[in-house]
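Listed below, chain by chain, are the residues.
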Amino acid sequence: MIENRKSCKQVVRIAAATLCSFVLLPHVCRAAPTIGKIVPAGATQGSEVEVLVFGTNLHDPQALFFEDGIVQQTKIESVNDKQLKVVLNVPKDAPFGNHRFRIRTKKGLSLLRTFRVGPFPQVIEAETDSSQKKPSNNTVEEAQAIQVPQAGGLTIAGVVEKEDVDCYQVRLKKGNRLSVAVDGVRLNYTPFDPYIDIVDSDGFVLTASDDHPLMEQDAIMAFTAPEDGSFFVRVRESAYGGSSACSYLLHVGRFPTPSVGLPPGANPGSEVVVKWLGDPAGGFESKVKIPNAFPRASSEISRLLSVHPRRDGVIAAEAVPLRVTNLPVSKETDSNDSPDGNPSVPAPAAIWGLLEKENDTDWIRIEAPKGSKWSVKGWGRRVGSPIDLTLNAYRDNEKHARITGNDDSGGPDSLMNVTTPEEGSFLIRVSDHQKRGGDTFVWWIEVEPIVPLVKLSVPPSQTKSQNDLFPQVPRGNRTTVILNASRSNFNAELKLLSENLPKGVTATCPNFQNGAPGSFVVFEAVKDAPLSAAMAEYRAVDAADQTKVLGGLQQGTEMIHGNPNRTPWRYSRSTEMPVAVVEEVPVSLELIQPAVPLVKNGKADLLVRVHKDEGFKGKVRLFFPFKPPGIGAASGVDVPADKSEVVYPINASDKAPIHDWDVVVSATVTFEGEDAKGRPTIRISSRPVKITVAEPFVQVALDKGMAEQGQNTTFTGTVTVPTAFTGEAKAVLLGLPAKTTSEPLVITAESKEVEFAVAVAADAPAGRHANIVCEVHVPQEGHQIVHRMAATEFRIDKPLPAKVSAAPKPEPPKPKQQKKKVSRREQLRIQARAVSQSGPSQESKGAAQ
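Okay, so let's go over this structure. Because the structure is predicted, anything quoted here is derived from the model rather than measured.

What to know about the overall build of the protein chain
Part 1 of the argument: When its secondary structure is counted, the protein chain shows 1 helix and 69 strands.
Part 2 of the argument: Taking the principal axes of the C-alpha coordinates as reference, the protein chain spans close to 175 × 90 × 70 Å.
Part 3 of the argument: With 849 residues in all, the protein chain has 51% of them scored as buried.
Part 4 of the argument: Of the side chains in the protein chain, 98 bear a positive and 98 a negative charge, and the two mean positions are spaced by 8 Å.

Notes on the nonpolar core
Part 1 of the argument: Val587, Val608, Val620, Leu622, Tyr648 and Val669 are the most contacted members of the largest nonpolar core, which has 34 residues in total.
Part 2 of the argument: Ranked by residue count, the leading element in this core is strand S55 (residues 645-652), at 4 residues.
Part 3 of the argument: Leu622 has contacts with Leu589, Val608, Gly636, Val637, Val639, Val646, Tyr648, Val665, Ser666 and Ala667, leaving out every residue within four places of it along the chain.

Observations regarding the sheet that holds strand S30 (residues 349-354)
Part 1 of the argument: If you walk across this open sheet you meet the 5 strands as S28-S30-S37-S32-S35, and the pairing is mixed. Looking at the sheet topology across the chains shown, the edges are occupied by strand S28 (329-331) and strand S35 (415-419). Across the sheet, the axes of successive neighbouring strands diverge by a mean angle of 25°, strand direction being ignored.
Part 2 of the argument: The sheet contact formed by S30 and strand S37 (residues 442-449) spans 6 bridges and is antiparallel. The residue bridging Leu354 from the neighbouring strand is Val442, located in S37.

What about the packing of aromatic side chains?
Part 1 of the argument: Inspection of the entire model under this criterion finds 9 aromatic pairs.
Part 2 of the argument: Geometrically, the ring pair formed by Phe66 and Phe115 is edge-to-face, given 6.3 Å between the ring centres and 80° between the ring planes. You can see Phe66 sitting in strand S4 (residues 61-66) and its partner Phe115 sitting in strand S9 (residues 113-118), a full 49 residues away along the chain.
Part 3 of the argument: Judged by relative accessible area, which is 4%, Phe66 ranks as buried.
Part 4 of the argument: Given a relative accessible area of 0%, Phe115 falls into the buried group.
Part 5 of the argument: Between the NZ or CZ atom of Arg236 and the centre of the ring of Tyr195, over which it lies, the distance is 4.1 Å.
Part 6 of the argument: We note Arg573 situated over the ring of Tyr571; from NZ or CZ to the ring centre the distance is 4.8 Å.

Here we look at empty space enclosed by the protein
Part 1 of the argument: Scanning all chains against the criterion turns up 3 cavities of 30 Å³ or more.
Part 2 of the argument: Roughly 60 Å³ of volume is contained in the second largest cavity.
Part 3 of the argument: Along the walls of the second largest cavity sit Arg100, Arg102, Leu469, Phe470, Leu553, Gln555, Thr557, Ser574, Glu576, Met577 and Pro578, which together make up its complete lining.
Part 4 of the argument: Broken down by secondary-structure element, the contributors of at least two residues to the lining of the second largest cavity are strand S7 (97-105), strand S46 (555-562) and strand S48 (576-582).
Part 5 of the argument: Ranked by residue count, the leading element in the lining of the second largest cavity is S48, at 3 residues.
Part 6 of the argument: In terms of residue class, the lining of the second largest cavity is made up of 5 nonpolar, 3 polar and 3 charged.

What to know about the sheet that holds strand S62 (residues 713-720)
Part 1 of the argument: On the basis of which strands lie adjacent, the open sheet formed by 4 strands has the order S60-S62-S66-S64 and antiparallel pairing. Pairing within the sheet leaves two strands with one partner each, and these edge strands are strand S60 (699-702) and strand S64 (740-742). Within this sheet the neighbouring strands show an average axis-to-axis angle of 30°, counted without direction.
Part 2 of the argument: Strand direction decides the pairing type here: S64 and strand S66 (residues 753-760), joined by 3 bridges, are antiparallel. Residue Thr740 lies in a different strand from S66, and its bridge partner there is Val760.

Description of the side chain of Asn467
Part 1 of the argument: Position of Asn467 among the secondary structure elements: in the loop between strand S38 (453-457) and strand S39 (472-474).
Part 2 of the argument: Taking the relative accessible area as the measure of exposure, Asn467 reaches 2% and is therefore buried.
Part 3 of the argument: Separated by 3.0 Å, the side chains of Asn467 and Gln462 make a polar contact.

About the criteria used
- Residues numbered from 1 in each chain as written.
- Predicted model: local features only at pLDDT ≥ 70, side-chain atom pairs only at ≥ 80, totals over all residues.
- Heavy atoms only, no water.
- Helix = DSSP H or I, 4+ residues; strand = E, 2+ residues; numbered from the N terminus.
- Buried < 20%, exposed > 50% of the residue type's maximum accessible area, 1.4 Å probe, protein only.
- Lys, Arg positive; Asp, Glu negative; His and termini not counted.
- Charge placed at Lys NZ, Arg CZ, Asp CG, Glu CD.
- Core = buried A, V, L, I, M, F, W, Y, C linked by side-chain atoms within 4.5 Å.
- Contact = heavy atoms within 4.5 Å.
- Pairing = 2+ DSSP bridges.
- Axes fitted to C-alpha atoms, helices over the stretch in contact; angles between N-to-C directions.
- Phe/Tyr/Trp six-rings, centres within 6.5 Å; stacked < 30°, edge-to-face > 60°.
- Lys NZ or Arg CZ within 6 Å of the ring centre and 35° of its normal.
- 1 Å grid on protein atoms, 1.4 Å probe; cavity = no way out; pocket = protein on both sides within 12 Å on 5 of 7 lines; lining within 4 Å.
- Points joined across faces, edges and corners; volume = space filled by probe spheres on them.
- Nonpolar A, V, L, I, M, F, W, Y, C, P; charged D, E, K, R; others polar.
- Polar contact = N/O pair within 3.5 Å; in protein donor to acceptor, adjacent residues only side chain to side chain.

And the structure:
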């Protein structure tokens, strides 16, 4: 530990060897450096701290860019291209909690990381402190001794390696209180689930904590010493895992440990007396002044104010959130356990209360005009309460029929929409999903009218990553960012307004059309724009009335992914977007304005000119970042090294809206050799051009075709001309099977049918062949408008074999009749009959002789 108590500054130095095995890095942002980790992960309010930043592509570092501008860099030094040494100044009034930052180099801005500001003096775990000989602190016998202040606390910055258990020894007298809290997963480095406990000298566990409603996967606890002696605080990964990425800030002291406030919210600009609940020593009260504005943009979305309560002048290590709203706030009535007899609360309103015991339910009567629509949002877990909040809405009549209900659509809390029935009021039932209750089961609900709302966000170019969430604009060049617009109760055209762009940077954004999922913004920097970064603001307004602000940017950045299937564990949200100006790129794009429209079921080739500086070595791959509804494009086009012009194929479906759309072509420039240092790739863009989607000029309905191998056939089709054109159009038959050919035909505006003569070779493949398409090229002002017709089918049969005269088949021999076997009696009868028939003639013959 290196600590200077004579001044308000604390200087902490960590050697590069501390994290030499650190390998956990997020997905690489293709145009920027990356940050793996910062050591230590936080600092004390009103201190100066030296930190080490680990990452990749850290060439030519310029600054640690803190998005809120509160924490300031005073010195930056490059150790190598994977490590920086930075001195930070944390002001005395810096807000506690995470501060978003990035590394800015000449060639890019890094992924997002956070640096945590806390209230207590900070020391380093001896095992990771390079100024010492790295003594182990993995057992009670080897525990690192720490001195806990009489009031307040001490913060220890450490790392839990695999199967590591860090132990800290604290001397306590009987009756002394010891509070412990740990920041692990909330440092936003890795899915680290810390576990803390306190054991005595014999190793018996006296108290322990894993997860906590206020702390997510982090832990907090308080303990009272049963006797004088040494006690040991242990921190580890809950499943005895760990890695060099599992940093923690362990707070140890005699500070209060509340988890929820009552009331859990208030109006901006007000001063409210809050009773803090959840501390084992009992609740306590303090006055809280609610600011009119949040000091950090990251708090604007949640509208949760982080408050560190003070008890007897001692500040808590962890913040308790309070909801800030402009709605009128009221408290539940004392007897509201049934739906009848409750006073009405006029909507809109915010109401708060407490489920005091098991099976407790609270009923609220909301008065609102018949047919009006309301959004009912609940807060429980988000304000530190252990409640699993469930909301249900009922008719305000004798039957109390259920209207709707919800458990967790609002993240961990509830959200539902209610239309006021004919009674002019409705009931809200508040309960815990597991029917629990207690002195910390606080709830807060807001009833607001459903109004038009637009939320803007940038989709990452790769899922479960931070890739391309903000623009990095090369000097004298352009880049494009896609903006999605999530709309509620608004279907008209939107306009984007931007503010606070870096000097020398302009932004061009086509209006958001109804039916389109979003739009794009082209950022362009002049050649002499300063290398810098700024936090830009965006507002979505009604294009027909720009005084109507409908919403703005609400960007969620995925910070940690864990099981199962790399599920996002934590987000960091902001209402502002960083925009960086970076060094020049030796490639620029020019998209040529199409001279003819793109018709439904048609296709076109956009001409792109790729300007490369002499000596450029690298690869350029084009892509189409924004596809209007019904328009498709190739996934990418590689630009040959010896070419300066390429075409980018696009197409339109039969459902593409008739409209003029702004589009751009972007490129990923991949550098080679020395130019690749610090910037392997970067994205650039063309200026936008308009493409017009129009109705087809001509349509051809082809009949099915059939032929035998070796016999020619004819494809016939009916021609209609919805839009008259001049000149001769060329029709071609595409998709024919091998060994079949067809010649193009000419179509005019007067044509009624087509007949394609198709030659079929004797060895053409037999069978059914689908996707036979007629393509028609309609001339217009020296250009071609390509139409593709609906596909048909071509069947090729094998010829039947020729008939051959065959010799008649000989008749089969008749089977010999078998003599009938007769009995002896029948034989005698036959002989007798023969004698009787021949007797007279023999006698006559004998007489004549």
